[in-house]
Amino acid sequence: MKIRKSIWEIIFDTFNCFIMIIWTLITAYPLLYVLFSSVSDADRLSGHRGLLLYPLGFKLDAYWLVFKNPLILSGYVNTVIVVLGGTALNLFMSCLAAYFLSRNDIILWKKAVMVMMVITMFFGGGMIPNYLLVTGLGMRDNLLALIIPGAVSTYNVIIMRTSFMGIPASLEESAFLDGANHFSILFKIIIPLSKSILAVMALWYGVEHWNSWFSAAIYLNKRSLYPIQLVMREILIQNAQSDQVYTMASSANEDQAAQVAKTIKYAAIIIATVPILCVYPYLQKHFVKGVMIGALKG
Amino acid sequence: MKTTLLKAACFTIAMLVFVTTLTACQAGSTTGSTTSSAASSGTSAAVTTTAGNAPVYPMKTDVKLTYWSEMNGNVSAKYTNAGETPFAKELSKRTGIQVEYIHSTAKESFSLMLASNQLPDIVEYWWSSYPGGTAKALEEKVIISLNDIMEKDAPNYTKWLKDHPDIARQIRWDDGSYVGFPFVNGDGRQTFVGRGPLIRKDLLDKKGLGIPETVDDWYNALLAFKSLGVKAPFTKAKGYLADFIARAYGIQLDADAWYIEDGKVVYGPVQPAYKDFLATWHKWYDEGLIDPDIATVDANIETAKMADGSAAATFNYVSRVYNYNKAAQEKIQGYNIVAAPFPVLKKGDAYEYSYISNLYSSSEVLTVITGNCKHPEIAARFLDYLWGEEGNILANWGIPDVTYTTGANKEPKYTDFLLKNPDGWTMSQVRGGYMRSYSSGPYVQDKRIDIQTYVMPEQVTAVDMWSKNASMKHLMPPIARTAQENTEYATIMSEVETYYKECLLKFMIGTMKLDEYDAYKAQMKNLKIDRAIEIQQAAYNRYISK
Amino acid sequence: MTRSLQTDILPIKSAPGFFSRIARDFKKNRLLYLMIFPVIVYYIIFNYGPMYGLQIAFKDFNLRAGYWASPWVGFKHFKLFFESYYFGRVLRNTLLISVYSLIFSFPATIVFALLLNEIRNRIFKRFVQTITYIPHFISIIIICGIIVDFCMSDGLINDIISFLGGARTPLLQEMKYFRSVYIISGMWQGLGWGTIIYLSAITNIDQELYQAAIIDGANRFRQIWHITLTGIRPTIIILLILRMGSVLNVGFEKVILLYNPATYEVADVISSYVYRRGLQQLNWSYGAAVGLFNSVVNLILVVTSNRVSKKVSDISLW
């Protein structure tokens, strides 16, 4: 059935489009700024203020330097391991918890579990006790130290629970009548219907793993285990010295190093961030409408 | 504390007795250290072989020491661990002691290492930032003092202390303890001033003005810049609002806000002359001579403004001149930044309040032997090497014939391997690999190392000009507060500094009028600045009477 | 009513009744308890295990003595914090920034999500979604560097202002603009990312509701209001309650990058103040005490808003 658009709707749509275009341009700027800076000539970049709408010169020195670092490959590999392994664990545990907390059945300890989890959002022991615990459990120099602590985030569980609660109880009731138990309901009904919230959780947990470097810094001594963010951080620190030379001027070498030092932080951001930026568009396809068509009638 | 004092006293007396008897017996001894016979122990005090004394180094020992330090970027650029550097290898070869180097990976590494009780043998760290200060660390037996072992196992250091009683006095604690091996700037370095006012000479020439020398000259110069269309004649990155004008009034601010006037400790922002400085500073801001955005400028923006001509004067390290020139070369013809002398109030006045620092500072890095070390004598020997003649050269100049050569006049000279490294390494990176002089550490830094690395003649003249009349008159020596005083002091100062910084800007911009100055002073009193001055004065008095 | 009846009828059986209730509950819900078991184990080990660290807020913690042997000092650190000259100011600033953020950013995210949802062209929609969430990934240091530059008297924003006829002002030096810059830049960085959860919630709305509404003659706006917005209502409310739990958590990094002494009056928050104070010394206990204070206040806010939400809507955490 073809529906005629009212005049207000047309105005609204145009207006909406207009706002979206402006906002997209505005939010595209930071990435473009970083990208252009990373290939610019450092001296011209130093003297530049205001909007950067195109690269000032074109030099790939910063990128060469970063890629020359032998830890880049292992960095990516380690990060991928942590992201995949960590997120899988996160999703598994969060689903269990969210399912439990979203049941309408009378469960004696449901509220207690919720309270127990919420309290941990506010109170924690601090860095040192956590460090002592993790190392005490033997996870030093092991990627598990980046995967197991932080396996569940109460915040995420609560959001997932809200989503699970939105699934009509009638679906579960009919499944129960057919003889299903909680496990099969969780895995055969709830999860397939929750693709979009799972996609969001995968994104949130995944990005968290991707960006983390601090745990790696304190638990990993073997540099071959360093994830990419930590490798980048090292590179930045190594080159930061060159930029702060304050007693000497330059031979050609100092010049070169100072040049790279200025642009390397931008190159490092691009290298460490672009891969994860590609994940969201891929997950976007799960934000498709129509998952729940006809569910009411079912 | 008391037991240490007692121990130290007993030990000193015992040593004196022992040593005087020894020297009486060793008439005509040929130890390398001539004047320090009182300090020489039974074994050789000299590091190198001398007639009649067996060499100490290389030591024959299987003990392997663990050494914790922060990884410096100049080293990590080329090496993953300090143990891989030619410097470390040479040091181990010469001392005969094998060392395993452990590095921190994050700011918190130090605390975590302590908390999990994994103290290595030697730790190089800024112990003054330990909770409660270095004194607390000693008290808690995290670190040990050297007094018991230094005569025997750290003879070079002991001798150096004897030869430099002034600095030894600064290093020595009030109770006579020597803790750890400090970093010391060598003779002559304290009057090395590497930063100062920088100004656009080409613009001055356009207006026929000379390089400003007095505060009034500066006023005229900045006015001239303004008339040439410069939007922000004077600018500076936030955090260090260039108290170089304040110093003309006898006021030191920010990092050096505590200084000495005739034996009294004073705090710049409550000195009477501060009001006069504020008046001038406000006038300049009002007339648009100071960057209107000065509170928000960061280092990048400062460079950009200097380079694109929005600003024409600033205050910075002399090497920035090179950076500004490079950044500006495309846009501005004839761009020329030069160093200006520190301004004074009246022509011919001496610049008394100089930008110099102590040769020794207790907040610098300190290399200690920890309470966990099972072989403190070996650790002391290891660290002591750098305090002998050969060790000092190794630390400052590197490896003979690789990074330096000794000229006919016995003066060491850097080779091209350092100055113009064929593989593209920067000077700092070569230093990182072959010596310690890229940063502070447990050695004495030679004042000659910098001059050889200057490439621009302007640098040399600038540094000369700035250093030449540097005065030590008002310099605050390295005083030490007790742990108790420290907590009180820290609490008071965090509020005082916040208030001072806010008011400085408010007075400058005009949000606070100068007739509110008395209210400002009253509030400072309210925030207990007098108590802080008391604490500092007490620490100073203790220092003087050491 | 029912309760009093029960106590009338079964007064003596309360003790054994309690245990048998537990037993019955376990029997009935054993699969659910099995499911939650690994989660509980995780929380106990990794969250409650280290919680003994909280005690240093009441002690003078030193690393050598460790957590157990450090001396108790009661509320000394709290008093130090509360009695500091700037306590009132930093508390006020923290609250105000959080509240403004709540009033502006929170609804803005929802509105933006709704607008995004209304884009008809799928490709354009995907494109906008992808680009607008990218600033979230750019380090705050870079973002603030850009903002500081733009806010200069001769920067981009002032160019626009003067183009529109206004006067140039150093925005980040004026107290009255700080919060606006802080919040608007926060939206710049976080709006796109924040819409993700709402977009996901929107996909769970039954499409047939829209068909039905159209048949009933509802226009786009009524559809948005009555269907979309209502559909994501639970999500909004839960997020709001959770947001209450971070009111005192205004992070110090961004504040420090944007503030300067001229704006301390409005910009200095608890975290930035403690950070500056911490620069004097590594004072674990003081930081822990302030953190504990923040946590307690945040928890109270969450509990209160949860209770309010329970009464007003039927959505709550527990």
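Residues numbered from 1 in each chain as written. Chains lettered and ligands numbered in written order. Predicted model: local features only at pLDDT ≥ 70, side-chain atom pairs only at ≥ 80, totals over all residues. Heavy atoms only, no water.

Student: For this particular structure, what's the right way to read the interface of chain B and chain C?
Tutor: For interface size, the figure often reported is the accessible area lost on association. Listed by partner, the interface residues are 44 residues for chain B and 33 residues for chain C. Summing the contributions of chain B and of chain C, the shared interface buries around 3200 Å²; its carbon and sulfur component is 54%. Taken together, the links from chain B to chain C amount to 3 salt bridges. At the boundary of chain B with chain C, the tally comes to 11 residue pairs in polar contact (both at pLDDT 80 or more). Elements that contribute at least two residues to the side of chain B that touches chain C include exactly helix H4 (109-115), helix H5 (133-139), helix H12 (299-308) and helix H20 (483-509) of chain B. Split by residue class, the side of chain B that touches chain C holds 19 nonpolar, 12 polar and 13 charged. (Contact = heavy atoms within 4.5 Å. Buried area = accessible area lost by both parts, 1.4 Å probe. Salt bridge = Lys/Arg side-chain N within 4 Å of Asp/Glu carboxyl O. Polar contact = N/O pair within 3.5 Å; in protein donor to acceptor, adjacent residues only side chain to side chain. Helix = DSSP H or I, 4+ residues; strand = E, 2+ residues; numbered from the N terminus. Nonpolar A, V, L, I, M, F, W, Y, C, P; charged D, E, K, R; others polar.)

Student: Explain the pattern of salt bridges to me, please; I cannot follow it from the model alone.
Tutor: Counting across every chain of the model gives 41 salt bridges over all chains. A salt bridge links B:Glu502 to C:Arg89, with the nearest nitrogen and oxygen atoms 2.5 Å apart. Of the two residues, B:Glu502 sits in helix H20 while C:Arg89 sits in helix H6 (residues 87-117), which places them in two different chains. The same class applies to B:Glu502 and to C:Arg89, which are both buried. Note that C:Glu265 and B:Lys506 form a salt bridge whose closest N and O atoms lie 4.0 Å from each other. Of this pair, C:Glu265 sits in helix H15 (residues 264-267) while B:Lys506 is found in helix H20, placing the two residues in two different chains. Take C:Glu265: its relative accessible area is 26%, and that puts it in the partly exposed class. (Buried < 20%, exposed > 50% of the residue type's maximum accessible area, 1.4 Å probe, protein only.)

Student: What exactly am I supposed to notice about a nonpolar patch on the surface here?
Tutor: Together, A:Ile7, A:Trp8, A:Ile10, A:Ile11 and C:Phe221 make up an exposed nonpolar region whose accessible area comes to about 540 Å². With respect to the helices and strands, A:Ile11 occurs in helix H1 (residues 7-38). Take A:Ile11: its relative accessible area is 45%, and that puts it in the partly exposed class. (Patch = residues over 30% accessible without salt bridge, like charges linked within 9 Å, V, L, I, M, F, W, Y side chains within 5 Å. Areas by Shrake-Rupley, 256 points an atom, 1.4 Å probe, with all protein chains shown as cover.)

Student: Can you help me understand the domain arrangement of chain C in this one?
Tutor: Residues and elements named next belong to chain C. The domain boundaries assigned to chain C delineate domain 1 (2-58) and domain 2 (76-313). Between the C-alpha centres of domain 1 and domain 2 there is a distance of 37 Å. Contacts between the two partners involve 4 residues from domain 1, matched on the other side by 7 residues from domain 2. Of the roughly 430 Å² buried between domain 1 and domain 2 on both sides combined, carbon and sulfur atoms contribute 79%. Area buried by domain 1 at its contact with domain 2 is led by Ile 56, Ala 57 and Phe 58, which between them contribute 86% of it. On inspection of domain 1 and its partner domain 2, the count reaches 0 salt bridges. Linking domain 1 with domain 2 are 1 residue pair in polar contact (both at pLDDT 80 or more), by the criterion used here. (Domains from an automatic or database assignment.)

Student: What is the right way to look at the pairing of strand S8 (residues 264-267) of chain B in this model?
Tutor: If a strand is regular, its side chains alternate between the two faces of the sheet. Residues and elements named next belong to chain B. Where strand S7 (residues 258-261) and S8 come together, 4 bridges link them in antiparallel fashion. Counterpart to Ile 260 in the pairing with S8 is Val 265. Hairpin geometry of S7 and S8 is characterised by an intervening segment of 2 residues between the two adjacent antiparallel strands and by a positive phi of about 50 degrees at Asp 262. (Pairing = 2+ DSSP bridges.)

Student: So what exactly am I meant to see when it comes to the side chain of B:Asp175 here?
Tutor: All names here are of chain B. Here Asp 175 is to be found in the loop between helix H8 (165-171) and strand S4 (184-185). At 8.0 Å, Arg 172 is the nearest oppositely charged side chain to Asp 175, a buried residue that forms no salt bridge. In terms of polar contacts, Asp 175 uses its side chain to reach the side chain of Ser 177, at 2.8 Å. (Lys, Arg positive; Asp, Glu negative; His and termini not counted.)

Student: Hey, could you run me through the packing of helix H11 (residues 273-286) of chain B against H20(B) in this one?
Tutor: The axes of two packed helices give the description: the angle between them and the distance between them. Residues and elements named next belong to chain B. Between H11 and H20, the shortest axis-to-axis distance is 7 Å and the interhelical angle comes to 50 degrees. Here H11 lies oblique to H20, going by the angle between them. Residue-level contacts link Tyr 274, Phe 277, Leu 278, Trp 281, His 282 and Tyr 285 of H11 to Tyr 500, Leu 504, Phe 507, Met 508 and Ile 509 of H20. Of the residues in the contact of H11 with H20, the class split is 10 nonpolar, 1 polar and no charged. (Axes fitted to C-alpha atoms, helices over the stretch in contact; angles between N-to-C directions. Parallel < 35°, antiparallel > 145°, perpendicular 65-115°, else oblique.)

Student: Would you mind going over the interface of chain A and chain C with me for this structure?
Tutor: The interface is formed by 99 residues belonging to chain A together with 93 residues belonging to chain C. Where chain A touches chain C, the interface holds 4 salt bridges. For the salt bridge of C:Asp154 with A:Arg49, the shortest nitrogen-to-oxygen distance reads 2.6 Å. The interface formed by chain A and chain C includes 21 residue pairs in polar contact (both at pLDDT 80 or more). Per element, the largest residue contribution to the side of chain A that touches chain C is 18 residues, and it comes from H1(A). Taken together, the residues that form the side of chain A that touches chain C break down as 69 nonpolar, 20 polar and 10 charged.

Student: I keep staring at the packing of aromatic side chains and nothing clicks. Help me out?
Tutor: Where two aromatic rings form a pair, the distance of their centres and the angle of their planes describe that pair. Applying the stated criterion to the full structure yields 77 aromatic pairs over all chains. Measuring from centroid to centroid gives 5.2 Å for A:Phe12 and C:Phe221, while their planes differ by 85 degrees, and the two rings are edge-to-face. Here A:Phe12 is found in helix H1, whereas its partner C:Phe221 is found in helix H12 (residues 220-231) on a different chain. An angle of 70 degrees between the planes, with centres 6.1 Å apart, marks the rings of B:Phe234 and B:Trp281 as edge-to-face. Pair noted here: B:Phe234 is in strand S6 (residues 232-234) and B:Trp281 is in helix H11, with a separation of 47 residues, a long-range link. Taking relative accessible area as the criterion, B:Phe234 reaches 2% and is therefore assigned buried. (Phe/Tyr/Trp six-rings, centres within 6.5 Å; stacked < 30°, edge-to-face > 60°.)

Student: Sorry, what's going on with the nonpolar core here?
Tutor: Most often, soluble globular proteins have nonpolar side chains that are buried together. If you look at the biggest cluster of nonpolar residues, it comprises 307 residues, and the most contacted ones within it are B:Trp127 and B:Tyr267. Ranked by the residues each element gives to this core, the list is headed by helix H10 (residues 175-203) of chain C, at 14 residues. Excluding its chain neighbours within four sequence positions, the residues that come into contact with B:Trp127 are B:Phe110, B:Gly133, B:Thr134, B:Ala137, B:Val142, B:Ile143, B:Leu366 and B:Val368. Counting 60 residues, the second-largest nonpolar core is a separate cluster that includes B:Phe87, B:Ile171, B:Leu383 and B:Ile399. (Core = buried A, V, L, I, M, F, W, Y, C linked by side-chain atoms within 4.5 Å.)

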